[in-house]
Amino acid sequence: MRPLSEMTIIQIEVTNACWLKCSNCTRHVGHHKNPFFMDLDFIEKAIDSLEGFEGNIGIMGGEPTLHPKFDEICAIVRKKIPRRKREFWTSGFQWAKKKDVILETWDKDRIAYNEHSTPGGKHTPLLVSIDEVVEDKKLMWQMIDNCWIQSQWSASITPKGGFFCEVAASLDYLLEGPGGYKIEKGWWKKNPNQFKDQVERYCKNCSGALPLPAESDGYGGRPNKENVNNYDTISKGMLEKLKSVKSQKVTAGHYKIYDKKYTIKDLEKYSENWEPSKFKPFVTHEPKDYDEKGPQRRVDHNKSGKI
Ligand code: SF4
């Protein structure tokens, strides 16, 4: 696990609402009864808390443009974060409508535009509890310690506090956990020993560290002619936890059960060609990148701002 100060970016998650419903979403979109929308005051506080952090600061969701005060958020970002330290993640919702304010706030090469409709746009399952399926606990902790998400992605701030990992932050919201670290200056100066409590709480309920095949409906959960459903792969114990928090996706039956034990043989089999961070063949910063770079299954860029 990396100390948070060594990360290249820390995310501020302004909402976990999204217009898509990808299989195995890293923010567990589709499960929530009520998404959150971060208060503007809290966004300012979150940015202030990162004073001295050498990496970049990301504005992320869900889909950030769904925040009803998105324009005000952009103004705060422009006021408080130096231009080259700003990053932005979007799936393109309302791109045509919000393009001007987005480009006024972020440089194009700091925008990660991912409409999640490419055939290659897949997510590996995240709701298979590694604690349920890996019986060798020494192996389990070794795998968690080497989790590619913690080593390549970022720490995160949600309205519930600071977290050592983006997926842990989302799990806390999903499973109605106790929340993260208090957002105050320097909260991110934690080393792995100091965020052990979160690792213990969230990683055991996660499969980020478990090599499993990536899955996708190919449409990001959009309606499609083939009637392909977006589903999550979930272990049995996690299914019960999700039922207890009234997960919408579970209620709708959009899941399949993982009920095997995961052995060292599975680890060897799936690790060989497992490259979960290479889920897209190219980096996109705006819609035209998709048009130029090859065949896509895009449904709509939302020129009207509607799905
Ligand atoms: S196992 Fe899950 S919660 Fe833990 S670091 Fe990896 S992605 Fe984050």
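Scroll up to find the structure.
If you're wondering where the values come from, they're calculated on a predicted model, not measured in any experiment. (Residues numbered from 1 in each chain as written. Predicted model: local features only at pLDDT ≥ 70, side-chain atom pairs only at ≥ 80, totals over all residues.)

Undergrad: Sorry, what's going on with the site of the ligand here?
TA: Taken together, Ile144, Cys147, Ile149, Gln150, Cys165, Val167, Ala168, Tyr202, Cys203, Cys206, Gly208 and Ala209 form the complete shell of residues around the ligand. Mapped onto the shell around the ligand, the elements with two or more residues apiece are helix H6 (148-152) and helix H7 (166-174). In the shell around the ligand, the residues fall into ten nonpolar, two polar and no charged. (Near = placed C-beta within 6 Å. Helix = DSSP H or I, 4+ residues; strand = E, 2+ residues; numbered from the N terminus. Nonpolar A, V, L, I, M, F, W, Y, C, P; charged D, E, K, R; others polar.)

Undergrad: How do you make sense of the packing of helix H2 (residues 70-80) against helix H3 (residues 95-105) when you look at a structure like this?
TA: The packing of two helices is summarised by the inter-axis angle and the distance between the axes. Running from amino to carboxyl end, H2 crosses H3 at an angle of 15°, the nearest separation of the two axes being 9 Å. The orientation of H2 with respect to H3, classified from their angle, is roughly parallel. In this structure, the crossing between H2 and H3 has a hand that is left-handed. In this structure, H2 uses Phe70, Asp71, Cys74, Val77 and Arg78 to contact H3, whose residues at the interface are Lys98, Val101 and Thr105. Along the lines of polarity and charge, the residues of the contact of H2 with H3 split into four nonpolar, one polar and three charged. (Axes fitted to C-alpha atoms, helices over the stretch in contact; angles between N-to-C directions. Parallel < 35°, antiparallel > 145°, perpendicular 65-115°, else oblique. Left-handed = near helix turned anticlockwise from the far one by under 90°. Contact = placed C-beta atoms within 7 Å.)

Undergrad: Whenever I open this one, H7 confuses me. Can you help?
TA: Every α-helix carries 3.6 residues per turn, so stepping three or four residues along brings you back to the same face. Counting buried positions along H7 yields nine of nine residues, so the element is predominantly enclosed. All buried positions along H7 are accounted for by Glu166, Val167, Ala168, Ala169, Ser170, Leu171, Asp172, Tyr173 and Leu174. Buried residues along H7 sit in contact with strand S1 (9-13), H6, strand S5 (155-158), strand S6 (161-163) and helix H8 (196-202). Of the residues trailing H7, Glu176 is marked for its positive phi of about 55°. (Buried ≥ 20, exposed ≤ 12 C-beta atoms within 10 Å, placed from the backbone.)

Undergrad: Please explain the sheet that holds S5 as it appears in this structure.
TA: Strand pairs in the sheet, formed through backbone hydrogen bonds, run parallel or antiparallel to each other. Strand order across the open sheet formed by six strands is S4-S3-S2-S1-S5-S6, with mixed pairing between neighbours. The two strands at the open ends of the sheet, each matched to only one other strand, are strand S4 (111-113) and S6. Strand-to-strand twist of the sheet, defined as the mean angle between neighbouring strand axes without regard to direction, takes the value 20°. As paired strands, strand S2 (residues 56-60) and strand S3 (residues 86-90) are joined by three bridges and run parallel to one another. Within S3, the position partnered with Gly58 by the bridge is Glu87. (Pairing = 2+ DSSP bridges.)

Undergrad: Sorry, what's going on with the environment of Ser129 here?
TA: Position of Ser129 among the secondary structure elements: in the loop between S4 and helix H4 (130-133). The spacing of Ser129 and Gly237 is 108 residues in sequence and 7.5 Å in space, taken between C-alpha atoms.

Undergrad: Explain unusual backbone geometry to me, please; I cannot follow it from the model alone.
TA: Residue Gly62 is bonded to the preceding Gly61 through a cis peptide linkage, with omega at 15°. Here the phi dihedral of Asn24 falls at roughly 55°; this positive angle occurs in a residue that is not glycine. Tracing the sequence through the fold places Asn24 in the loop between S1 and helix H1 (40-49). Although it is not a glycine, His28 adopts a positive phi angle of roughly 55°. When you line up the elements, His28 lands in the loop between S1 and H1. Residue classification places His28 among the buried positions, given that 21 C-beta atoms sit within 10 Å.

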